[in-house]
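Read off the chains here:
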Amino acid sequence: LQTFPQTFRRQAQAFWLALALTVVGAIFGAGAVALDPEAKEVLMPFDHLRGGPSERVAREQENRGKELSDRKARFSGMLMTHNTQVTLTAMALGMSWGIGTLVIIFSNGVMLGAVVVDYLLDGQATFLFGWLLPHGVVEIPAILVGGQAGFVLAGALLGRGQRVRLAARLRAAAPDVVTLCLGAALMLVWAGLVEAFFSQYHEPVLPYALKISFGLMEFVALTWYLFRSGLAGGKPASGAAKIS
C-alpha cells in the first residue's frame, strides 16, 4: 500500500513516456487498419483477432463460454505467463539504453490501436468494451509499468546530468526497478484471473453493462491506488534514481 505506489509516483516521468509511446503506437495501428484493412493480418498478434469482428461476436455469444468451462485455470495461467514475459522483457530491454523498451511499448500500442479500430469500424463497440475493459484497465497499465521500469534502468545507464559512476547509478535505480516489476507482476495476476473467469463470458451469460461497469470501477480503484495510496506513509526514500 506504500512502497509500490510511492515508487510509481517517484518515477512517474518514465511512466508518462511509456504511455505517450503507447498512444502514438495506437494511433499508428488504428490508422493502418482504417486505411488498409488487410494490414491487420500483419498487426494482429493472435489468430482469433484476424477474422471479422462480427463473426467473432456471433461465435462468442453462441458459445457462451463453454470452450473455457474445463480449462479456465490453465488459460488464466497462460495469460499471466505471456503478459509477465512481455512486461519483464520491456524492463530488461532497458539495458539497450531504452531502445528495446521503446520498440516493445510502441509495438504493443500498435496492436492495441489496430484491434480497437477494427471492432469500432465493424460496429462492435459494446462487445469491444465489454470484453476489453474488465482485464485491460489493469493489464495495459501493468505493461506500461514494465516499460516504466525499463526507462528507469535506461536512465541509470545513460546517467544524463548525473556525476556518479555507472555502478552507483545502477545500485540507486535497482530498488525502484525491482519494485516496479513486482508491482506489475501482481497486477498481471489479477488481470489474468479476470480475463479467464470474467472477460471471456459475454451476453447472454453476462450483460455487457455489468462488465463495462466493473472495468470502470477497476480503473478508478487502480488510479486512486497508484496516485494516492501511501501519501500518508511518509516521504519517499531519498537518493532514488530518476530518469533524465
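Refer to the structure above for everything that follows.
Summary of the structure given here. Along every chain, residues carry numbers that run from 1 in the direction the sequence is written. Local features in a predicted model are, by the rule used here, given only for residues with pLDDT of at least 70; side-chain atom pairs are given and counted only at 80 or more, and totals for whole chains, interfaces and linings are based on all residues. Side-chain measures were taken over the full set of non-hydrogen atoms in the model, leaving aside hydrogen atoms and water.

Turning our eyes to something else, we now look at the layout of surface pockets. Definitions used for this entry: grid spacing 1 Å over protein atoms alone; cavity, a set of points where a 1.4 Å probe fits but cannot get out; pocket, an open set with protein on both sides within 12 Å along at least 5 of 7 lines; lining residue, one with an atom within 4 Å of a point. Grid points are joined across faces, edges and corners, and a volume is the space filled by probe spheres set on the points. By volume, the second largest pocket is sized at about 520 Å³. Only runs of H or I of at least four residues qualify as helices and only runs of E of at least two qualify as strands under DSSP, and these elements are numbered from the N terminus. Listing elements by their share of the lining of the second largest pocket, those giving two or more residues are α2 (12-35), α6 (99-121), α7 (125-158) and α9 (208-228). When residues in the lining of the second largest pocket are grouped by element, the largest group, nine residues, is from α7. Gly is placed with the polar residues, together with every amino acid not listed as nonpolar (Ala, Val, Leu, Ile, Met, Phe, Trp, Tyr, Cys and Pro) or charged (Asp, Glu, Lys and Arg). Across the lining of the second largest pocket, the residue classes break down as 21 nonpolar, three polar and no charged.

Before going further, it helps to spend a moment on the side chain of K211. Summarising the element assignment, K211 is placed in helix α9. The buried category is assigned to K211, whose relative accessible area is 0%. Here a polar contact means two N or O atoms within 3.5 Å. Within protein one must be a hydrogen donor candidate and the other an acceptor candidate, and residues neighboring in sequence count only if both atoms are side-chain atoms. A polar side-chain atom of K211 sits 2.7 Å from the main-chain carbonyl oxygen of Y201. Any pair of residues with heavy atoms lying within 4.5 Å of one another is described as a contacting pair. Beyond its immediate stretch of four places on either side in the chain, K211 contacts G130, W131, P134, F198, S199, Y201, H202 and L206. For the exposure calls, accessible area comes from a 1.4 Å probe over protein chains only, and a residue counts as buried if that area is under 20% of its type's maximum, exposed if over 50%, partly exposed in between.

Take unusual backbone geometry next. Of note, the bond from E203 into P204 is cis; its omega dihedral lies within 30 degrees of zero at 10 degrees. Secondary-structure assignment places P204 in the loop between α8 (166-199) and α9. Phi is positive for W97, which is not a glycine, with a value near 60 degrees. By the element assignment, W97 lies in the loop between α5 (72-92) and α6.

What follows deals with the nonpolar core. Residues belong to one nonpolar core when they are buried, are Ala, Val, Leu, Ile, Met, Phe, Trp, Tyr or Cys, and are joined through side-chain atoms within 4.5 Å. In this structure, I105, V145, V177 and L180 are the most contacted members of the largest nonpolar core, which totals 31 residues. Elements that contribute at least two residues to this core include exactly α1 (3-10), α2, α5, α7, α8 and α9. Of the residues forming this core, the biggest block, twelve residues, is contributed by α7.

Let's shift gears to α2. Any helix carries an expected span of 1.5 Å times its number of residues minus one. The terminal C-alpha atoms of α2 lie 34 Å apart, and with 24 residues this matches the ideal 34 Å at 1.5 Å per residue to within 8%. Restricting attention to buried positions, one finds in α2 the residues A12, A14, F15, A18, L21, T22, G25, A26, G29, A30 and V33. On its buried side, α2 packs onto α1, α3 (40-43), α6 and α7.

The next subject is a nonpolar patch on the surface. A surface patch of nonpolar side chains, about 280 Å² in accessible area, is lined by I99, L102 and V103. Along the chain, L102 falls in helix α6. Think of a patch as exposed residues, more than 30% relative accessible area, with no salt bridge, where like charges cluster within 9 Å and nonpolar side chains (Val, Leu, Ile, Met, Phe, Trp, Tyr) cluster within 5 Å. The protein chains shown are the only cover counted for residues, whose accessible areas, like all others here, come from Shrake-Rupley with a 1.4 Å probe. Any carboxyl oxygen of Asp or Glu within 4 Å of a side-chain nitrogen of Lys or Arg constitutes a salt bridge here.

What follows is about the pattern of salt bridges. The tally for this structure, following the rule as stated, stands at two salt bridges. Across the salt bridge formed by R10 and D176, the nearest N and O atoms sit 2.8 Å from each other. Of this pair, R10 sits in helix α1 while D176 sits in helix α8; the two residues are 166 residues apart in sequence, bridging distant segments of the chain. Residue classification places R10 among the buried positions, given a relative accessible area of 17%. For the salt bridge of K40 with D118, the shortest nitrogen-to-oxygen distance reads 3.2 Å. Within this pair, whereas K40 is found in helix α3, its partner D118 is found in helix α6, the two being separated by 78 residues in sequence. Taken individually, K40 and D118 each receive the classification buried, so the pair is uniform in this respect.

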